[in-house]
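# Structural overview for review
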Amino acid sequence: MNRRRKLWLVGLSHHSAPVEVRERLALADGTAGAVARRLLEHVIGVEECALLSTCNRVELVACGDPDKLDSMRLADALGADRGLSPPDLRSHVYLHEDRAAVRHLFRVASSLDSMVVGEPQILGQVKAFYERAVEAGTAGLVLHRVFHKAFSVAKRVRSETGIGGKNVSVSSVAVELAMQIFESLAEKTALVIGAGKMAETTARQVRDRGIGGLIFANRTFDRAVELAREFHGTPVPFEELVRYLTLADVVIGSTAANEVLLTEEQVQEVSRARGYRPTFLIDLGVPRNFDPRINDLRNVYLYDIDDLDGVIGENRHERQREALRAEAIVHAEVESFWQWFQNLEVVPTIVGLRDKAERIYRHELERTLGSLKSLGEGERKSIEAMAEAIVNKLLHEPITRLKRVESADDEEVLAARRLFGLDDDE
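Here's what I pulled together on the structure shown here. On a predicted model such as this, the values are computed, not experimentally measured, just so you know.

It is worth spelling out a nonpolar patch on the surface at this point. Side chains of Met386, Ile390 and Leu394 sit close together on the surface and give an oily, nonpolar patch of about 330 Å² of accessible area. Mapping Met386 onto the fold places it in helix α14 (residues 377-402).

Each aromatic ring pair is described using two quantities: the centre-to-centre distance and the angle formed by the ring planes. One pass over the structure, following the stated rule, counts 9 aromatic pairs. Taking 5.4 Å as the distance between ring centres and 40° as the angle between the ring planes, the aromatic pair formed by Phe337 and Trp340 counts as tilted. With Phe337 and Trp340 both in helix α13 (residues 305-370), this residue pair falls 3 residues apart, about one helical turn. Note on accessibility: Phe337 and Trp340 belong to one class, buried. Members of the aromatic cluster, connected to one another through ring pairs, are Phe106, Phe337, Trp338, Trp340 and Phe341. Its end group placed over the ring of Phe129, Arg132 keeps NZ or CZ at 4.5 Å from the ring centre. Between Arg298 and the ring centre of Tyr276, over which it is positioned, the NZ or CZ distance is 4.3 Å.

Okay, the pattern of salt bridges next. Pairs can form between side chains of opposite charge once their charged atoms are near each other. Scanning the model with the defined rule gives 32 salt bridges in all. In this structure, Lys6 engages Glu97 in a salt bridge whose closest nitrogen and oxygen atoms are separated by 3.5 Å. With Lys6 in strand β1 (residues 6-13) and Glu97 in strand β4 (residues 94-97), this pair connects stretches of sequence that are 91 residues apart. The class of Lys6 is buried, set by a relative accessible area of 16%. The salt bridge partner of Asp291 is Arg293, with a shortest N-O separation of 2.9 Å. For Arg293, a relative accessible area of 43% puts it in the partly exposed group. Linked through salt bridges whose partners overlap, the residues forming this network are Arg57, Glu59, Arg103, Arg107, Asp113 and Glu327.

Cut-offs and rules
Residues numbered from 1 in each chain as written. Predicted model: local features only at pLDDT ≥ 70, side-chain atom pairs only at ≥ 80, totals over all residues. Heavy atoms only, no water. Patch = residues over 30% accessible without salt bridge, like charges linked within 9 Å, V, L, I, M, F, W, Y side chains within 5 Å. Areas by Shrake-Rupley, 256 points an atom, 1.4 Å probe, with all protein chains shown as cover. Salt bridge = Lys/Arg side-chain N within 4 Å of Asp/Glu carboxyl O. Helix = DSSP H or I, 4+ residues; strand = E, 2+ residues; numbered from the N terminus. Phe/Tyr/Trp six-rings, centres within 6.5 Å; stacked < 30°, edge-to-face > 60°. Buried < 20%, exposed > 50% of the residue type's maximum accessible area, 1.4 Å probe, protein only. Lys NZ or Arg CZ within 6 Å of the ring centre and 35° of its normal.

This is the structure in structure tokens:
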């Protein structure tokens, strides 16, 4: 008889749980396979499983017997393995079954569920954790299919929509604006004032865009030296900041200073010394590092954090518009996968029907041909082809209808098994 299987996805993410809960459930590098193996061995009803763990989510994808397992028991088992009691977990966990589980996985792989919609890193993370499940032997036919389908969906979304086309981080937008002012950064120099995380991230962005040179200034000179070493740049004393401004085409301010670091008068003098070549200033400080009147100077372009947030907002809106197109792709691909998954339940009936027809056809063919000894080889092949064609035509309609049913418990499946006596053959 057909055996029912179910798909589950249980987990928590930045949408449902604070970081202090997520970090308790998070998996250390290299442990996902071992945890999946424990769940497969100790949770009754689990037949296949894989885990995904990033800074923003921990999720378990599983396939198994719905008569022995439900999604809440699966969530409790995952929590227990990580040392979380049901009360600690249940208010934060989400539970998806069957189509909804497939849809969620496809959306995650396509970055539609990410904190930053359209970010590219999540697909690589999903692939890496799937590979760990494969290595641990916990992924079988269904998970192989659903994960590979998720990868192809993500590829379609990336190639057929512009979901990742607009930058939505402060540092990336800042560099995008610099690229609009300077066609190329290859022969330009950037001066980075400050040594915090934002300064480092923006320095990395301009370096990756091929900046010709990097200069670092920080009140703690040793920290400027560290960054200069990491980015192959030049450290300069903070006290001599203005003197080095004449070398800088791009100036990045990212300090927590309460006073203005660059005044309109200072930049005006520097601009004159530079022959009024374009200068782009990015003020990431709060309070602001640069006098806002600088933006009124000739060939000097100043963007502060609010200006950048405005561009980010426009870009997010564009990504959300593209996300609607991506959701349509996901919906179509979920239906495609679900048809395949449903057919798994009726495959035994289809195979049983074909096998029974094949046995009858072969038995009757051999008996008939055995009594017609005078037939030539060509005549025998014609009779065999005719018999095979009759069987295929008789089976075509019932098999086509079976492939369209919702589950193994569908009336048409049960009727087919009764009418053709398939359960009597087992």
